[in-house]
Amino acid sequence: MKLSNATLSDLPDGVSVPNYDRTALTPGIVHIGLGNFHRAHQAWYLHRLMQQGKAHDWAIIGAGVRAGDSAMRDRLLAQDCLTTLIELDPDGTSTEIVGSMIDFLPVEEDNGALIRAMSDPAIRIVALTVTEGGYFKDAAGNLNTQDPEIQHDAAHPDKPHTAFGAMVAALRARRDAGHAPFTGQCCDNLQHNGEILRQTVVGLARLSDPALADWINDNATFPNAMVDCIVPATGPNELKLVEDIGIDDAAPVTHENFRQWVIEDTFCAGRPTWEDVGATLTTSVHNYEEMKIKMLNAGHQLLANAGELLGVQTIAGCMATPQIAGFFRKVQTDEIVPYVDAVPEITPSAYLDLIARRFGNPEIHDTTRRVAFDGGSRHPGFVLPILRDALAAGGSIEGLALTEALWARMCAGTREDGSVIEANDPQWDDLTQIATQAKAEPKLWLEQGWIYDTLSENTVFATAFDKWLKQLWAVGTQSTLEQYIAS
């Protein structure tokens, strides 16, 4: 059955569908970056609120700023912006249709349609999932004003290429029309993600209009948030799964039986009552995001790089591989948990048990390739902050140094069995070249300042990294992991 508004009542038994009149919904949110995660997480929370008869004036308008986003737009518009969500759990699956998104803007080089939509005062939140590496940060974490895209948007503020340039243009239009600003809501896996979004938007505005930058900084809000749900990429297996259920959906999403959304309650133009459907609204997100990013997101990197080298295709497969699972547990216990504070709901040790169960869910086919993607953003964002904490405390960093060595070995581009690892990073060619050279001179890998900044100057880390990378090349990944576990 082709998914659409007209066929909702004809879908197979057991499929949960919207109980609200989608034609009566009005928009309140523009969301940039309509990938699987957003549709399984933020759109789901809003959908569940709408199922309670609430937030019908907060519907989502989708948007994208990359040429490739047009394909997703075509797929979603052809099915009235509906998405099939399939929850995968060892105890069984469940299926629901999410209807909180009502439109998808044209994807244009100058972002004209996006700017016009965000200029409408009916839009009170502009949210983003544009990946961790999409915020134009330099090695020190500041806005990279030398990036060509940032320089273009500063020179051509009315025809911006980036999402942030479009937000600045829309905020300018709202200010000039006497309207209040919208809230900018980052939904990416970044520590202090609201502050990073503020830095990008305000910093970009300041390059072309300092008065506007001050107005945005003084009046708009950018709440920090922590988001969590394991959402695999959609491929042939997922398309076959939704077909077997009896639904013709060109963009289905599978996900685990777990979600968490912790949000700083600072919204300058109002918000849906997400707490009514399980989100946590708080005045401080810091400890939640520290726990999740340091343990779950960094934990993904512990698994994925080793998994790629050993040819293990999924994260669940990594957790079923004794050497990788043992490495994961030991690094977490010895080198991460000591630097993570508890939150009201759970201790770090209990959280480790939770994420180990989640990662080991065999029904979730989350590929090592997806998790290992863009290590040039994920290692500086997730792993290196813990490494700095451990170095400052004088604690062990052997496992974290081995994590970085595994990444360097992976970026050489071949697995242990000799098969080729296809390009999996925006900077893959450069990383592969340096990783190959680092086989003989490990220090060359650490001298990449855009990744490691001054960490290469720390002799404790550099010595440990040198040892582990040489060990990986000499005896292989499995033996090296076994040696670390036994140490």
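Residue positions are given per chain, counting from 1 as you read along its sequence in written order. Given that the model is predicted, a residue must reach a pLDDT of at least 70 before its local features are reported, and side-chain atom pairs must reach 80 or more before they are shown or counted; all residues, however, enter totals for whole chains, interfaces and linings. Note that water and hydrogens are dropped before the side-chain values are worked out from all heavy atoms of the structure.

1. Some remarks on the overall build of the chain
The secondary structure content of the chain amounts to 21 helices and 12 strands. A radius of gyration in this sense is built from C-alpha atoms; the matching globule rule multiplies 2.2 Å by the number of residues raised to 0.38. The C-alpha atoms of the chain give 23 Å as radius of gyration, which agrees with the globular expectation for 487 residues (23 Å, within 12%). If you line up the chain on its principal axes, its C-alpha atoms span 65 × 55 × 40 Å. Long-range pairs, those at least 24 residues apart, make up 76% of the contacts in the chain with a sequence separation of at least 6. Under the convention used here, a 1.4 Å probe and the Shrake-Rupley method define accessible areas, while residue burial counts only the protein chains that appear. Of the roughly 18,500 Å² that the chain leaves accessible, carbon and sulfur atoms contribute 49%. Only DSSP runs of H or I reaching four residues or more are called helices, and only runs of E reaching two or more are called strands; each is numbered from the N terminus. Here, residues are in contact when the closest pair of their heavy atoms is within 4.5 Å.

2. Focus on empty space enclosed by the protein
Only protein atoms enter the 1 Å grid, on which a cavity is a set of points fitting a 1.4 Å probe that cannot get out and a pocket is an open set with protein on both sides within 12 Å along at least 5 of 7 lines, lining residues being those with an atom within 4 Å of a point. Grid points are joined across faces, edges and corners, and a volume is the space filled by probe spheres set on the points. Following the criterion strictly, the structure yields six cavities of 30 Å³ or more and no others. The calculated volume of the largest cavity comes to roughly 60 Å³. If you go around the largest cavity, the residues you meet are Ile29, His31, His38, Gln42, Leu46, Ile60, Ala127, Gln185, Trp261 and Trp274. Those elements giving two or more residues to the lining of the largest cavity turn out to be strand S2 (27-32) and helix H2 (42-51). When its residues are assigned to classes, the lining of the largest cavity shows six nonpolar, four polar and no charged. Each residue gets one of three labels, nonpolar for Ala, Val, Leu, Ile, Met, Phe, Trp, Tyr, Cys and Pro, charged for Asp, Glu, Lys and Arg, and polar for the others, Gly among them.

3. Considerations on the pattern of salt bridges
By convention in these notes, a salt bridge is any Lys or Arg side-chain nitrogen within 4 Å of a carboxyl oxygen on Asp or Glu. Inspection of every chain in the model, using the stated rule, returns 23 salt bridges. Between Asp353 and Arg329 there is a salt bridge whose closest N-O contact spans 2.9 Å. Of the two residues, Asp353 is situated in helix H13 (residues 348-359) and Arg329 in helix H12 (residues 322-336); the sequence distance between them amounts to 24 residues. Through salt bridges with shared partners, a single network forms among Arg172, Arg175, Asp176 and Asp209.

4. Examining the nonpolar core
Buried together is how nonpolar side chains tend to be arranged in soluble globular proteins. What we call a nonpolar core is a set of buried Ala, Val, Leu, Ile, Met, Phe, Trp, Tyr and Cys residues that are connected through their side-chain atoms within 4.5 Å. Under the scheme applied here, a residue whose accessible area is under 20% of the maximum for its type counts as buried, over 50% as exposed, and between as partly exposed, the area being computed with a 1.4 Å probe on protein chains only. Among the nonpolar cores identified, the biggest contains 81 residues, and Met295, Phe328, Trp445 and Tyr452 are the most heavily contacted of them. Ranked by residue count, the leading element in this core is helix H10 (residues 286-310), at 11 residues. For Trp445, the contacting residues outside a window of four places in its chain are Glu404, Trp407, Ala408, Cys411, Leu431, Ile434, Ala435, Ala438, Tyr452 and Phe465. Counting residues in each nonpolar core, the second largest holds 41 residues, with Phe136, Ala170, Phe182 and Ile196 among its members.

5. Some words on the packing of aromatic side chains
The geometry of an aromatic ring pair is captured by the separation of the ring centres together with the interplanar angle, meaning the angle of the planes. Each pair of aromatic rings taken from Phe, Tyr and Trp, with Trp reduced to its six-membered ring, is defined by centres within 6.5 Å and is described as stacked if the planes are under 30 degrees apart, edge-to-face if over 60, and tilted in the remaining cases. Summed over all chains, the structure comprises 12 aromatic pairs. Between Tyr45 and Trp261, the aromatic rings sit 5.2 Å apart at their centres with planes inclined by 55°, giving tilted as the arrangement. Of this pair, Tyr45 sits in helix H2 while Trp261 sits in strand S11 (residues 260-264); the two residues are 216 residues apart in sequence, bridging distant segments of the chain. The exposure class of Tyr45 is buried, given its relative accessible area of 2%. When its relative accessible area of 2% is taken as the criterion, Trp261 is described as buried. With a centroid separation of 6.1 Å and an interplanar angle of 40°, the aromatic rings of Tyr452 and Phe461 are classed as tilted. With respect to burial, Tyr452 and Phe461 carry one shared label: buried.

6. With respect to the environment of Gln146
Inspection of the secondary structure puts Gln146 in the loop between strand S7 (125-128) and helix H5 (148-155). Residue classification places Gln146 among the exposed positions, given a relative accessible area of 57%. Spatially, the C-alpha atoms of Gln146 and Phe136 are 9.5 Å apart, while their sequence positions differ by 10 residues. Looking at Gln146, its side chain comes within polar contact range of the side chain of Thr145, at 3.4 Å. For Gln146, the side chain forms a polar contact with the side chain of Gln151, separated by 3.3 Å. Nitrogen and oxygen atoms within 3.5 Å of one another constitute a polar contact, given that in protein one can donate a hydrogen and the other can accept it, and given that sequence-neighbouring residues count only through two side-chain atoms.

7. Thoughts on the environment of Trp58
One can find Trp58 in the loop between H2 and strand S3 (59-63). Placed 396 residues apart in sequence, Trp58 and Thr454 show a C-alpha to C-alpha distance of 45 Å. What Trp58 contacts, discounting residues up to four positions off in sequence, is Thr26, Pro27, Gly28, Ile29, Leu46, Met50, Arg124, Ile125, Ala269, Gly270, Arg271 and Pro272.

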